[in-house]
Amino acid sequence: MSKPILLLLLVTLSLTVCSQSANKCNNAKIQNKPAKEVVATEKKYKVTFIELGSVKCIPCKEMQKVIKSIEAKYGTQIKIIFYDVWTKEGKPFGDVYKINGIPAQVFLDENGNEFFRHEGFFPEKELIAVLKTKSVTD
């Protein structure tokens, strides 16, 4: 089998698997309003961690494991918000946060001001280092 055909089959299989598990979303809250509005109306957190991705994206699914772990360790100190930018409701947030690819992470301080961003898979240890710059502790 030629490489292009094999690649096409792998992509098709990946998309099929992703679409079948699209409803198995993460623990992060899916929001339909800008995070700055969420931060302004809720209790103060040290950090608001915004994940922009899709439940149909393979690297985004890997990020969900990281998010679940982060939420378990630091859930009382940080607010986690997930926008599925491949949905009609979530798509505008890709523009709001000016992302170029997914998964993407945006970090807001306790006043709702962005202090860090990253695009692509973000390893847990590196993500924790970012949280610690805002006094998030174990």
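Residues numbered from 1 in each chain as written. Predicted model: local features only at pLDDT ≥ 70, side-chain atom pairs only at ≥ 80, totals over all residues. Heavy atoms only, no water.

K.L.:
Could you give an account of the packing of aromatic side chains, with specific residues and numbers?
P.N.:
Throughout the structure, instances matching the rule amount to seven aromatic pairs. Summarising the aromatic geometry, the rings of Phe 49 and Phe 107 are spaced 5.0 Å apart at their centres and angled 5° between planes, so their arrangement reads as stacked. On the criterion of sequence distance, the pair formed by Phe 49 in strand β2 (residues 47–53) and Phe 107 in strand β4 (residues 104–109) is long-range, its members being 58 residues apart. Judged by relative accessible area, Phe 49 falls into the buried class, the value being 0%. The class of Phe 107 is buried, set by a relative accessible area of 0%. Ring-pair connections join several aromatic residues into one group, and the members of that group are Phe 49, Phe 107, Phe 115, Phe 116 and Phe 122. We note Lys 134 situated over the ring of Phe 115; from NZ or CZ to the ring centre the distance is 4.8 Å. (Phe/Tyr/Trp six-rings, centres within 6.5 Å; stacked < 30°, edge-to-face > 60°. Helix = DSSP H or I, 4+ residues; strand = E, 2+ residues; numbered from the N terminus. Buried < 20%, exposed > 50% of the residue type's maximum accessible area, 1.4 Å probe, protein only. Lys NZ or Arg CZ within 6 Å of the ring centre and 35° of its normal.)

K.L.:
Before we move on, can you summarise the nonpolar core with the specific residues and values?
P.N.:
Ranked by internal contacts, the top residues of the largest apolar core, which has 16 residues, are Phe 49, Ile 70, Tyr 74, Ile 78, Phe 107, Leu 127 and Leu 131. When residues of this core are traced back to their parent elements, those giving at least two are β2, α3 (58–74), β3 (78–84) and α5 (124–132). Excluding its chain neighbours within four sequence positions, the residues that come into contact with Leu 127 are Phe 49, Met 63, Val 66, Ile 70, Phe 107 and Phe 122. Residues Ile 50, Val 85, Ile 99 and Ala 104 belong to the second largest nonpolar core, which totals eleven residues. (Core = buried A, V, L, I, M, F, W, Y, C linked by side-chain atoms within 4.5 Å. Contact = heavy atoms within 4.5 Å.)

K.L.:
Talk me through the confidence of the model for the protein chain; I want residue IDs and the actual numbers.
P.N.:
Per-residue confidence for the protein chain averages 80 on the pLDDT scale, and 70% of its residues sit at or above 70. Across residues 3–28, confidence stays below pLDDT 50; counting only partners more than four residues off in sequence or on other chains, it has 22 contacts. (pLDDT = per-residue confidence, 0-100.)

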